[in-house]
Amino acid sequence: GELRGGQFLYGTTYVVLPETPVPFALDALQDGARGWSLSSIEWRDGDALAAHGSAGFGPDASLQDLDIELRSRELSGLAARYLSGWLAIVGLPDLSASGALDARVRMADGRLASVDARLHDVTLDAAGKGLAFAGLEGNLRLSGGAPVDSELRWRSGSLQGIEFGAATLPWRSADGALRSRAPVAVPMLGGQVRFDDIVLHPPADGEGMRIQFGLAL
């Protein structure tokens, strides 16, 4: 099939379709009182988002199972068309983005099982929070179960107009949370700011994102 223009809301995901055609294909089956099973999903929205995978829904239309691979060669389109609902939940409704992203997202029994994302020269600017990053590279892995490691790095950034330099964030994720594996030293104002024991809890169970850390100047 093909979609052109319009918008729709599913849970937290608010989608605004472009006026250009968006080809898609679904293989769907409903078995009696059970929810729909989508054994194959294909979605092609230009450089903004290409996706393929599978999904399963409960009788109440809630998303129960998901295994999908995503690619965005231009994050500005992805954020504007697909992520506004999620960005509002994490407190970043005005976030602008550029660069590229590859990711695989998996859910099981209605809960997030894993995210494996790879960032390619990404720039983020949260003007309302006074926070920006340039040159984000590396991978970010989130696990709902056993520990997995990943590492992000950035080339530069700014906080409330104060510029800071390059740094590397080594992550370990387990049980749905992200934790830093080592202190993170960030060059700033001719010295360094060190972040210790960073813990980040993504939005879940109706709660927004939570973050905690220690700080040394």
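So, how was this worked out
- Residues numbered from 1 in each chain as written.
- Predicted model: local features only at pLDDT ≥ 70, side-chain atom pairs only at ≥ 80, totals over all residues.
- Heavy atoms only, no water.
- Helix = DSSP H or I, 4+ residues; strand = E, 2+ residues; numbered from the N terminus.
- Rg over C-alpha atoms; globule rule 2.2 N^0.38 Å.
- Buried < 20%, exposed > 50% of the residue type's maximum accessible area, 1.4 Å probe, protein only.
- Contact = heavy atoms within 4.5 Å.
- Areas by Shrake-Rupley, 256 points an atom, 1.4 Å probe, with all protein chains shown as cover.
- Lys, Arg positive; Asp, Glu negative; His and termini not counted.
- Charge placed at Lys NZ, Arg CZ, Asp CG, Glu CD.
- Salt bridge = Lys/Arg side-chain N within 4 Å of Asp/Glu carboxyl O.
- Phe/Tyr/Trp six-rings, centres within 6.5 Å; stacked < 30°, edge-to-face > 60°.
- Patch = residues over 30% accessible without salt bridge, like charges linked within 9 Å, V, L, I, M, F, W, Y side chains within 5 Å.
- pLDDT = per-residue confidence, 0-100.

Participant: What should I look at first to understand the overall build of the chain in this one?
Facilitator: Each helix and strand counted, the chain has two helices and 18 strands in total. The C-alpha radius of gyration of the chain comes to 19 Å, within 12% of the 17 Å expected for a compact globule of 217 residues. If you line up the chain on its principal axes, its C-alpha atoms span 65 × 40 × 25 Å. Sorting the 217 residues of the chain into buried and exposed places 33% on the buried side. Within the chain, contacts between residues at least 6 apart in sequence are counted, and of these 36% link residues at least 24 apart. Looking at the chain as shown, the accessible area adds up to about 12,300 Å², and 55% of this sits on carbon and sulfur atoms. Taken as two groups, the 19 positive and 27 negative side-chain charges of the chain have centres that lie 4 Å from each other.

Participant: How should the pattern of salt bridges be read in this particular structure?
Facilitator: As a working rule, side chains carrying opposite charge can pair if their charged atoms are close by. Within this structure, the stated rule accounts for twelve salt bridges. The shortest N-O distance in the salt bridge between glutamate 42 and arginine 44 comes to 3.1 Å. Glutamate 42 sits in the partly exposed class, given a relative accessible area of 29%. Close ionic contact of arginine 194 with aspartate 196 constitutes a salt bridge, the shortest N to O distance being 3.0 Å. Residue classification places arginine 194 among the partly exposed residues on the basis of a relative accessible area of 40%. Through salt bridges that share partners, Asp116, Arg118 and Arg141 make up one connected network.

Participant: What exactly am I supposed to notice about the packing of aromatic side chains here?
Facilitator: Geometry of an aromatic ring pair is reported as the spacing of the ring centres plus the angle between the planes. Evaluated as defined, the whole model comprises seven aromatic pairs. Ring geometry for phenylalanine 133 versus phenylalanine 164: centroids 5.8 Å apart, planes at 65°, classification edge-to-face. Residue phenylalanine 133 is found in strand 10 (residues 131–143), and its partner phenylalanine 164 is found in strand 13 (residues 162–164); the two are separated by 31 residues along the sequence. A relative accessible area of 8% places phenylalanine 164 in the buried class. Measuring from centroid to centroid gives 6.0 Å for tryptophan 154 and phenylalanine 164, while their planes differ by 75°, and the two rings are edge-to-face. Of the two residues, tryptophan 154 is situated in strand 11 (residues 148–154) and phenylalanine 164 in strand 13; the sequence distance between them amounts to ten residues. Classification of tryptophan 154 as buried rests on a relative accessible area of 10%.

Participant: So what exactly am I meant to see when it comes to the side chain of serine 143 here?
Facilitator: Its place among the elements puts serine 143 in strand 10. Not counting residues within four places of it along the chain, the set of residues in contact with serine 143 comprises Ala113, Val148, Ser173, Ala174, Asp175, Gly176 and Ala177.

Participant: Explanation requested: a nonpolar patch on the surface in the structure shown.
Facilitator: A cluster of nonpolar residues, Ile211, Phe213, Leu215 and Leu217, forms a patch on the protein surface that exposes about 480 Å² of accessible area. Examined against the element boundaries, phenylalanine 213 turns out to sit in strand 18 (residues 210–216).

Participant: Please clarify how the confidence of the model for the chain should be interpreted in this entry.
Facilitator: Detail in the predicted coordinates should be disregarded across regions flagged by low pLDDT. Mean pLDDT over the chain stands at 92; residues scoring 70 or higher make up 100%. No element of the chain has a lower mean pLDDT than helix 2 (residues 84–89), which averages 86, and none a higher one than strand 11, which averages 97.

Participant: Explain unusual backbone geometry here, please?
Facilitator: Most peptide bonds take the trans form, and the phi angle of most residues other than glycine is negative. One non-glycine residue with positive phi stands out, namely alanine 61, at about 75°. Along the chain, alanine 61 turns up in the loop between strand 6 (49–57) and strand 7 (63–72). Under the relative-accessibility criterion, alanine 61 is labelled partly exposed at 41%. Backbone geometry at aspartate 197 places phi at a positive 50°, although glycine is not the residue there. Relative to the elements of secondary structure, aspartate 197 occurs in strand 17 (residues 191–201). A relative accessible area of 61% places aspartate 197 in the exposed class.

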